[in-house]
Amino acid sequence: MSQLLTVAAEEMENPLVPPIPELVIGLIAFVIVFGFLAKKLLPTINKVLEERREAIEGGIEKAEAAQTEAHSVLEQYKAQLAEARHEAARLRQEAQEQGATLIAEMRAEGQRQREEIIAAGHTQIEADRKAAAQALRGDVGKLATDLAGKLVGESLDDHARQSRVIDRFLDELEEKAEAAR
């Protein structure tokens, strides 16, 4: 029976409820481990978490500052670009105006040179015409004198008289030619 009583006593004990001495020892061990973790590990964890929070907040502030700076640099760049475009348009306009002025000046200079060349050509032609007329007058006079001498049968060697006759004859021919025009 004594065995029976021990078996019955064992059956009465609940396997889910631990014995009190084990419960007290487990509770004391838990408090020791929890105290150790609270004293040593928890401040380190809190310190790391605080540093991380500060780094994240600082990073956000730096990112906002960088974004603000980038925005201001972008605005400056746009302003400089607009100014450069305006300056390029102004320079292009000035170059076109200078080109038009230069072309007008070159045309005027070319026109002036052309007029000078034409005037010099007319002067040269007039001088050549006069020289040719003078040479022709002399040749015609000589031929006329020779022909007249052959017709008359005597020599017309008097040079002064010959020149007067030839000049009068040629003047009459010129007057007739001008009147015929």
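Since this is a predicted model, take the numbers as computed values, not measurements. (Residues numbered from 1 in each chain as written. Predicted model: local features only at pLDDT ≥ 70, side-chain atom pairs only at ≥ 80, totals over all residues. Heavy atoms only, no water.)

1. Some details on the pattern of salt bridges
The criterion, for reference: Salt bridges are counted wherever a side-chain nitrogen of Lys or Arg sits within 4 Å of a carboxyl oxygen of Asp or Glu. To qualify as a helix, a DSSP run of H or I must reach at least 4 residues; to qualify as a strand, a run of E must reach at least 2; elements of each kind are numbered from the N terminus. Only protein chains enter the accessibility calculation, which uses a 1.4 Å probe; a residue whose area is less than 20% of its type maximum is buried, one above 50% is exposed, and one in between is partly exposed.
Evaluation of the coordinates by the stated rule reveals 8 salt bridges. Ionic pairing is found between E50 and R53, a salt bridge with its closest N-O pair at 2.1 Å. Here E50 and its partner R53 are both found in helix α2 (residues 20–152), 3 residues apart, which amounts to about one turn of the helix. When its relative accessible area of 38% is taken as the criterion, R53 is described as partly exposed. One salt bridge connects R112 with E116, and the closest N-O pair in it is separated by 2.2 Å. Highlighted residues: R112 and E116, both in helix α2, separated by 4 residues, approximately one helical turn. It is possible to trace a salt-bridge network through shared partners that takes in E50, R53 and E57.

2. Some thoughts on the layout of surface pockets
Empty space among the atoms becomes apparent when a probe as large as a water molecule is rolled across them. To be explicit about the condition: Here a cavity denotes grid points, spaced 1 Å and computed from the protein atoms alone, that fit a 1.4 Å probe unable to get out, and a pocket denotes an open set having protein on both sides within 12 Å along at least 5 of 7 lines; residues with an atom within 4 Å of a point are the lining. Grid points are joined across faces, edges and corners, and a volume is the space filled by probe spheres set on the points. Classification convention: Asp, Glu, Lys, Arg as charged; Ala, Val, Leu, Ile, Met, Phe, Trp, Tyr, Cys, Pro as nonpolar; all other residues, Gly among them, as polar.
Estimates place the volume of the second largest pocket at around 170 Å³. If you list the elements that add at least two residues to the lining of the second largest pocket, you get α2 and α3 (159–180). For the lining of the second largest pocket, the element with the most residues is α2, which contributes 5 residues. Taken together, the residues of the lining of the second largest pocket sort by class into 5 nonpolar, no polar and 3 charged.

3. A few points about the confidence of the model for the protein
The condition is simple: Known as pLDDT, the predictor's per-residue confidence is scaled from 0 to 100.
With 84% of its residues at a pLDDT of 70 or more, the protein has an overall mean of 83. Looking over the protein, one finds the lowest element-wise mean pLDDT in helix α1 (residues 2–12), namely 57, and the highest in α2, namely 88.

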